[in-house]
Amino acid sequence: MKRIAIFADIQNINDTTRHAFDRQFNYRAFWQHISTQGDIVSAVAYTIFRNNDKQRQFLVALKQIGFDIKRKPFIQRANNSRKGDWDVGIAIDILHTAKHVDIVVLLSGDEDFDLLLEKIRQDSTISAEVYGVPSLTAMSLIDAASIYHPIGDQLLL
């Protein structure tokens, strides 16, 4: 049975599905779909934590599905700029975990991960799969993936 690790860029997926479809991503359907392909040995959801009831309930639901949650605090600077992303953390976790799995699944459309997936594919036989919203996933990320899965109705609420 193939060993699978999932890395979910929550802000990216939630924002892109809302923008493109005006709908929410269905993490439970996604989990069920992935679990038919092998054994999910690791699943991490990365989020910027705003500490509100709605987000706390969402994170509880993700934990119940099977995700481990990694949070960073939301930071609003004095000049009104905002800080908070997980790109480096996700990249480090993928590089570390890729040594122990057969399939890496990245749930994101962020082009910042294209070099990471290219590196994984060059250095190993690991499949680096991407799930993203077609109109909002960077072409360079699609090209870097072993397999690109466009998010559509079957993965939306």
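Quantities reported herein were computed from a predicted structural model and do not represent experimental measurements.

Student: Report on the overall build of the protein, specifying residues and quantitative values.
Tutor: Check the secondary structure of the protein and you find 6 helices and 8 strands. For the protein, the α and β elements follow one another from N to C terminus as β-α-α-β-α-β-β-β-α-β-α-β-α-β. Here the C-alpha atoms of the protein give a radius of gyration of 15 Å, agreeing with the 15 Å that 2.2 N^0.38 yields for 157 residues. Seen along its three principal axes, the alpha-carbon backbone of the protein occupies a region of about 45 × 30 × 30 Å. Burial status across the protein gives 50% buried among its 157 residues.

Student: How would you explain the side chain of serine 108 if you had to name every residue and give the values?
Tutor: With respect to the helices, strands and loops of the structure, serine 108 is situated in the loop between β6 (103-107) and α5 (114-123). In terms of polar contacts, serine 108 uses its side chain to reach the side chain of aspartate 9, at 3.1 Å. For serine 108, the contacting residues outside a window of four places in its chain are Asp9, Asn12, Ile13, Phe113, Val130, Tyr131, Gly132 and Leu141.

Student: Can you explain the packing of aromatic side chains? Please cite residues and give values.
Tutor: Using the criterion set out here, one finds 7 aromatic pairs in the structure. When the ring of phenylalanine 25 is compared with that of tyrosine 27, the centres are 4.8 Å apart and the planes differ by 75°; the resulting orientation is edge-to-face. What makes phenylalanine 25 buried here is its relative accessible area of 3%. Taken together, the aromatic side chains of Phe25, Tyr27, Phe30, Trp31, Phe58, Phe67 and Tyr131 make up a single cluster linked through ring pairs. Above the ring of tryptophan 86, the side-chain terminus of lysine 72 is found at 4.8 Å from the ring centroid.

Student: Go over the environment of phenylalanine 113 with me, naming the residues and quoting the values.
Tutor: Here phenylalanine 113 shows up in the loop between β6 and α5. As a C-alpha pair, phenylalanine 113 and leucine 141 span 28 residues in sequence and 6.6 Å in three-dimensional space. The contacts of phenylalanine 113, once residues within four sequence positions are left out, are Asp9, Asp87, Ile90, Ala91, Leu106, Ser108 and Leu141.

Student: Which residues make up the layout of surface pockets, and what are the values?
Tutor: Gaps left between atoms are located by rolling a probe of water-molecule size over the structure's atoms. What the largest pocket holds in volume is close to 640 Å³. Broken down by secondary-structure element, the contributors of at least two residues to the lining of the largest pocket are α1 (10-21), α2 (27-35), β2 (39-49) and α3 (53-65). Among the residues making up the lining of the largest pocket, the classes are represented as 9 nonpolar, 8 polar and 6 charged.

Student: Account for the nonpolar core, naming residues and giving values.
Tutor: Residues Ile6, Tyr27, Phe30, Leu62, Phe67, Leu107 and Ile151 are the most contacted members of the largest nonpolar core, which totals 28 residues. Listing elements by their share of this core, those giving two or more residues are β1 (3-9), α1, α2, β2, α3 and β6. Residue contributions to this core peak at 5 residues, all from α2. The residues contacting isoleucine 151, other than those within four sequence positions of it, are Ile13, Thr17, Phe21, Phe25, Leu107, Tyr131, Gly132, Val133, Pro134 and Leu156.

Student: Explain the sheet that holds strand β3 (residues 68-73) residue by residue, including any values.
Tutor: The strand order β3-β2-β1-β6-β7-β8 describes an open sheet built from 6 strands, whose pairing is parallel. Edge strands, defined here as strands with exactly one partner in the open sheet, are β3 and β8 (147-150). Adjacent strand axes in the sheet meet at a mean angle of 15° when their direction is disregarded. Sheet strands in contact with α3 are β2 and β3, and its direction is about 170° off that of β2.

Student: Explain the pattern of salt bridges to me, using residue names and the numbers behind them.
Tutor: Applying the stated criterion across every chain, the model contains 6 salt bridges. Between aspartate 15 and arginine 18 there is a salt bridge, and its shortest N-O distance comes to 3.3 Å. One end of the pair is aspartate 15 and the other is arginine 18, both in helix α1 and 3 residues apart, which spans about a single turn. The partner of arginine 56 in a salt bridge is aspartate 53, with the nearest N and O atoms 2.3 Å apart. Of this pair, arginine 56 and aspartate 53 both sit in helix α3, separated by 3 residues, roughly a single helical turn. Looking at arginine 56, the relative accessible area reads 32%, which means it is partly exposed.

Criteria and thresholds
- Residues numbered from 1 in each chain as written.
- Predicted model: local features only at pLDDT ≥ 70, side-chain atom pairs only at ≥ 80, totals over all residues.
- Heavy atoms only, no water.
- Helix = DSSP H or I, 4+ residues; strand = E, 2+ residues; numbered from the N terminus.
- Rg over C-alpha atoms; globule rule 2.2 N^0.38 Å.
- Buried < 20%, exposed > 50% of the residue type's maximum accessible area, 1.4 Å probe, protein only.
- Polar contact = N/O pair within 3.5 Å; in protein donor to acceptor, adjacent residues only side chain to side chain.
- Contact = heavy atoms within 4.5 Å.
- Phe/Tyr/Trp six-rings, centres within 6.5 Å; stacked < 30°, edge-to-face > 60°.
- Lys NZ or Arg CZ within 6 Å of the ring centre and 35° of its normal.
- 1 Å grid on protein atoms, 1.4 Å probe; cavity = no way out; pocket = protein on both sides within 12 Å on 5 of 7 lines; lining within 4 Å.
- Points joined across faces, edges and corners; volume = space filled by probe spheres on them.
- Nonpolar A, V, L, I, M, F, W, Y, C, P; charged D, E, K, R; others polar.
- Core = buried A, V, L, I, M, F, W, Y, C linked by side-chain atoms within 4.5 Å.
- Pairing = 2+ DSSP bridges.
- Axes fitted to C-alpha atoms, helices over the stretch in contact; angles between N-to-C directions.
- Salt bridge = Lys/Arg side-chain N within 4 Å of Asp/Glu carboxyl O.

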